[in-house]
Amino acid sequence: MITIKLGDITKEEIGAIVNAANKGLRGGGGVDEAIHRAAGPSVMEECREIGRCNTGDAVITGAGLLKAKNVIHAVGPVWRGGEKGEAGQLRSCYEKSFEVALKNGIETIALPAISTGVYGYPIEEAADIALRTGKRFEDRFREIRYVCFSDRDFRIYKETLDRLSET
Ligand code: ADP
């Protein structure tokens, strides 16, 4: 099942939440900062041990003080105009997130709109990639939950899912 909600992903009670991380796994602004702040130091400690993660890839850690059981740190692309392979990289980081979740027996997963904050990916195109990729993995999860942080993102996700479901 695919669901879309408006809210703060750090509050989700779920198998795993996905973090929009950076290659150094060092934390940063936005959702990354919020997740590390809410999780406490153990997640950053695990990230330090892992070291780094390439763009388009994802790694898993525990979730510290969060209600989720795991955090999957996915590295989306920085938007550079759309002709530098960004779409493939964004698709890949969703695929890798789902794959690492499945490998770890996770049946419910919550995801933010990766790359659409500081990294500047246009939300309409990012939502299309996020949801299309989710639909390919839908059967293998109990729930894939997209957590939007603004009313606008929430509306765009809803409209995009409706459009994808018609075809
Ligand atoms: P990126 O660097 O990948 O663009 P950001 O954290 O800047 O990552 O933004 C990714 C998305 O996460 C944006 O849509 C932003 O609004 C959203 N976001 C920020 N904080 C939260 C949160 N607490 N819960 C869910 N989404 C969030």
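See the structure printed just above.
As the structure is a computational prediction, the values presented were derived from the model and not from experiment. (Residues numbered from 1 in each chain as written. Predicted model: local features only at pLDDT ≥ 70, side-chain atom pairs only at ≥ 80, totals over all residues. Heavy atoms only, no water.)

> How should I be thinking about the site of the ligand in this particular structure?
The ligand sits among 14 residues. The nearest are Asp8, Val31, Ser115, Gly117 and Val118. The fraction of the free accessible surface of the ligand (560 Å²) that becomes covered by protein chains is 89%. Among the cavities detected, the one that contains the ligand is the largest pocket. In terms of residue class, the shell around the ligand is made up of seven nonpolar, five polar and two charged. (Near = heavy atom within 4 Å. Areas by Shrake-Rupley, 256 points an atom, 1.4 Å probe, with all protein chains shown as cover. 1 Å grid on protein atoms, 1.4 Å probe; cavity = no way out; pocket = protein on both sides within 12 Å on 5 of 7 lines; lining within 4 Å. Sits in = over half its atoms within 2 Å of the grid points. Nonpolar A, V, L, I, M, F, W, Y, C, P; charged D, E, K, R; others polar.)

> I keep staring at the pattern of salt bridges and nothing clicks. Help me out?
Two side chains with opposite charge may pair up if their charged atoms get near one another. Per the counting criterion, the structure on display carries 12 salt bridges. For the salt bridge of Lys11 with Asp8, the shortest nitrogen-to-oxygen distance reads 3.3 Å. The partly exposed category is assigned to Asp8, whose relative accessible area is 28%. In this structure, Glu45 and Arg48 form a salt bridge, with 3.0 Å as the shortest nitrogen-oxygen distance. On the criterion of helical spacing, the pair formed by Glu45 and Arg48 is a turn pair, its members being three residues apart in helix α2 (residues 41-50). Using a relative accessible area of 38% as the deciding quantity, one classes Glu45 as partly exposed. Where salt bridges share partners, they join Lys5, Glu12, Glu143 and Arg145 into one cluster. (Salt bridge = Lys/Arg side-chain N within 4 Å of Asp/Glu carboxyl O. Buried < 20%, exposed > 50% of the residue type's maximum accessible area, 1.4 Å probe, protein only. Helix = DSSP H or I, 4+ residues; strand = E, 2+ residues; numbered from the N terminus.)

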